Amino acid sequence: QVQLVESGGGLVQAGGSLRLSCAASGRTFSSYAMGWFRQAPGKEREFVAAITWNVYTLYADSVKGRFTISRDNAKNTVYLQLNSLKPEDTAVYYCAAGRLGPRVGDYDYWGQGTQVTVSS
């Protein structure tokens, strides 16, 4: 089992930045690819970014150049730096552990989510 706890969400103005963190505990963190997804009210959960143990990264087109995913295997933590935020980035952001991919089904473990709200 892997337990994931997100933090760092909040309210920010458009153009601002936030840094999300996801702390993992349980089975070997470094063996998993880690992903970030988001879900806005009334919408499907969508892929944001993912990173393998050896820091190969994958991004959704909508966040390329604005968001950066990284991980610190020594701290069992994955990060998502959100820059140039837009109101349409407003969502609950979820951390997930599994195999690299853009689909919800690629991931076996999920955190409880952290709210990001971007005001215009």
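Our structure is the block above this text.
These figures come from a predicted structure and were not determined experimentally. Sequence order as written defines residue numbering, which begins from 1 separately in each chain. Only residues with pLDDT of at least 70 get local features here, since the model is predicted, and only at 80 or more are side-chain atom pairs given and counted; chain-wide, interface and lining totals rely on the full set of residues. Processing note: side-chain calculations cover all non-hydrogen atoms of the structure and skip hydrogens and water entirely.

A. Representation of the overall build of the chain in the model. What counts as a helix is a DSSP run of H or I of at least four residues, what counts as a strand is a run of E of at least two, and both are numbered from the N terminus. The helix and strand inventory of the chain stands at zero helices and eleven strands. Starting at the N terminus and walking to the C terminus, you meet the elements of the chain as β-β-β-β-β-β-β-β-β-β-β. This radius of gyration counts C-alpha atoms alone. The globule rule is 2.2 Å times how many residues there are, raised to the power 0.38. Here the C-alpha radius of gyration of the chain, 13 Å, is about what a compact globule of 120 residues would show, namely 14 Å. Each residue gets one of three labels from its accessible area relative to the maximum for its type: buried under 20%, exposed over 50%, partly exposed in between, using a 1.4 Å probe on protein chains only. The buried share of the chain, reckoned over its 120 residues, is 44%. Only heavy atoms enter the contact rule, under which two residues are in contact if any of them lie within 4.5 Å. Restricting the contact set of the chain to residue pairs at least 6 apart, pairs at least 24 apart contribute 57%. When the accessible surface of the chain is summed, it comes to about 6,000 Å², and 49% of that surface belongs to carbon and sulfur atoms. Positive: Lys, Arg. Negative: Asp, Glu. His and the chain ends are not part of the count. Just so you know, the charge point we use is NZ for Lys, CZ for Arg, CG for Asp and CD for Glu. Here the chain carries 12 positive and 9 negative side-chain charges, and the mean point of each set is 4 Å from the other. Note on areas: Shrake-Rupley with a 1.4 Å probe; residue coverage comes only from the protein chains shown.

B. Fine view of the packing of aromatic side chains. What counts as a ring pair is set by centres within 6.5 Å for rings of Phe, Tyr and Trp (its six-membered ring), and what kind of pair is set by the plane angle: stacked under 30 degrees, edge-to-face over 60, tilted for all other angles. A full pass over the atoms with the stated rule returns five aromatic pairs. On the basis of an interplanar angle of 90° and a centroid distance of 5.9 Å, the ring pair of Tyr-32 and Tyr-109 is categorised as edge-to-face. Of the two residues, Tyr-32 is situated in the loop between strand E3 (18–26) and strand E4 (33–39) and Tyr-109 in strand E10 (residues 107–110); the sequence distance between them amounts to 77 residues. For the pair shown, Tyr-32 and Tyr-109 are each scored as buried. Both rings, one in Tyr-107 and one in Trp-110, keep their centres 6.3 Å apart while their planes meet at 70°; by these two values the pair is edge-to-face. For Tyr-107, a relative accessible area of 5% gives the class buried. Pairwise contacts between aromatic rings join Phe-37, Phe-47, Tyr-107 and Trp-110 into one cluster. A cation sits over an aromatic face here: Arg-45 above Trp-110, 5.0 Å from the ring centre. A cation sits over an aromatic face here: Arg-71 above Phe-29, 4.5 Å from the ring centre. Only lysine NZ and arginine CZ atoms are considered, and such an atom sits over a ring when it is within 6 Å of the ring centre and within 35 degrees of the ring normal.

C. Spotlight on the pattern of salt bridges. Salt bridges are counted wherever a side-chain nitrogen of Lys or Arg sits within 4 Å of a carboxyl oxygen of Asp or Glu. In the structure shown here, the tally under the stated rule is six salt bridges. The salt bridge involving Arg-99 is made with Asp-106; its shortest N-O contact spans 3.2 Å. Several salt bridges share partner residues, and in doing so they unite Arg-38, Glu-46, Arg-66 and Asp-89 into one network.

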